[in-house]
Amino acid sequence: MKLLRTFCLLALACFTLGAFAQPAPKPAATPAAAPPLSTGIEMQIGAVEREFVGAAEAMPEDKFNFAPSSLNLPGGDFKGVRTFAAQIKHVAAVNYMLWSAVLDEKPPVNITDENGPASMTSKADVIKFLKDSFAYGHRAAKSVTAENINTLVPSPFGSGKVPKLFCATFAVAHDFDHYGQVVEYLRMNGIIPPASRRQ
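Conventions used here
All residue numbers refer to positions counted from 1 along the written sequence of the respective chain. This being a predicted model, a pLDDT of at least 70 is required before a residue's local features are given, and a value of 80 or more before pairs of side-chain atoms are given or counted; all residues contribute to the totals for chains, interfaces and linings. The side-chain figures draw on all heavy atoms in the structure; neither hydrogens nor water molecules are used. What pLDDT expresses is the predictor's confidence in each residue, scored from 0 to 100. Here, residues are in contact when the closest pair of their heavy atoms is within 4.5 Å. Note on ring pairs: Phe, Tyr and Trp rings are taken, using the six-membered ring of Trp, and paired if centres are within 6.5 Å. Classes follow the plane angle, with under 30 degrees stacked, over 60 edge-to-face and the rest tilted. Think of it this way: any DSSP run of H or I at least four residues long counts as a helix, any run of E at least two long counts as a strand, and we number them from the N terminus. Three labels apply to residues, based on accessible area from a 1.4 Å probe with only protein chains included: buried if under 20% of the type maximum, exposed if over 50%, partly exposed otherwise in between. The term nonpolar core refers to a set of buried residues drawn from Ala, Val, Leu, Ile, Met, Phe, Trp, Tyr and Cys, joined through side-chain atoms within 4.5 Å. Two N or O atoms form a polar contact when they lie within 3.5 Å of each other; inside protein one atom must be a possible hydrogen donor and the other a possible acceptor, and for residues adjacent in sequence the pair counts only when both atoms belong to side chains.

Q: Describe in detail the confidence of the model for the chain, supporting the description with residues and values.
A: Confidence in the prediction for the chain averages 86 pLDDT; 84% of positions are at 70 or higher. Counting interchain partners and residues more than four positions distant, the pLDDT-below-50 stretch residues 6-17 has 0 contacts.

Quick look at the structure:
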């Protein structure tokens, strides 16, 4: 019996010492700070920029003024549609219109309407106009904060006011809409859009 009591006391002592010898629990990890609101908008701009610029660059210079109306497709009603170059200039012009509203400033280029400069005709100039509009979009996105995202600004498309959020993100939706059209123009010319090519 004495031996059993000694054994129990020893076991209790070991258990007690083991409990006190445990390392202190680590404090709960501090969650990482959420990225700024502008990060999500910049990611959207970057996604459409990659696809759209790639598609614009894929069209050869001699096809830059292609429009489906030149194909005379039976049942196709392409009268008056934009040329490939006009599609690109339109997207860039609207980018400038929307993102200048986010920045509360006039566009850094002369935009008289949503078609872009009529005098701009070379592929190199049109591509530069497009790329510069996306650079401007990244600058606009960086200016967006949780505090100013719902600030009302004059609508780039007429009267009234719209939130900065609309201008910051509608450009992306508009660009993807026209990307779909540009893709069709490329395929009508036997060109696979870069984003659709196998890696």
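After that view of the structure, there is still more to cover.
Q: Break down the packing of aromatic side chains for me, with residues and values.
A: Under the defined criterion, the tally for this structure stands at 10 aromatic pairs. A ring pair is formed by Tyr96 and Tyr136, whose centres lie 5.4 Å apart and whose planes are at 40°; its orientation type is tilted. Here the residue Tyr96 occupies a position in helix H3 (residues 84-103), and Tyr136 occupies one in helix H4 (residues 123-142), the gap between them amounting to 40 residues. For the pair shown, Tyr96 and Tyr136 are each scored as buried. Each residue in the set Phe64, Phe66, Phe84 and Tyr185 is aromatic and connected to the rest through ring pairs, giving one cluster.

Q: How would you sum up the nonpolar core? Please name residues and give values.
A: Core analysis: the largest hydrophobic core is formed by 48 residues, its most contacted members being Phe52, Phe84, Ile88, Trp99, Leu130 and Phe134. Of all the secondary structure elements, the ones that give two or more residues to this core are helix H2 (37-58), H3, H4 and helix H5 (164-188). The element best represented in this core is H3, accounting for 14 residues. Apart from the residues lying within four places of it in its own chain, the contact partners of Leu130 are Phe52, Val53, Ala56, Ile88, Val91 and Ala92.

Q: Could you give an account of the side chain of Ser100, naming the residues involved and the relevant values?
A: Topologically, Ser100 is positioned in helix H3. When its relative accessible area of 6% is taken as the criterion, Ser100 is described as buried. A polar contact is formed between the side chain of Ser100 and the backbone oxygen of Tyr96, at a distance of 2.9 Å. For Ser100, the side chain forms a polar contact with the main-chain oxygen of Met97, separated by 3.0 Å. With sequence-adjacent residues up to four places away left out, Ser100 is seen in contact with Glu105, Lys106, Pro107 and Tyr136.

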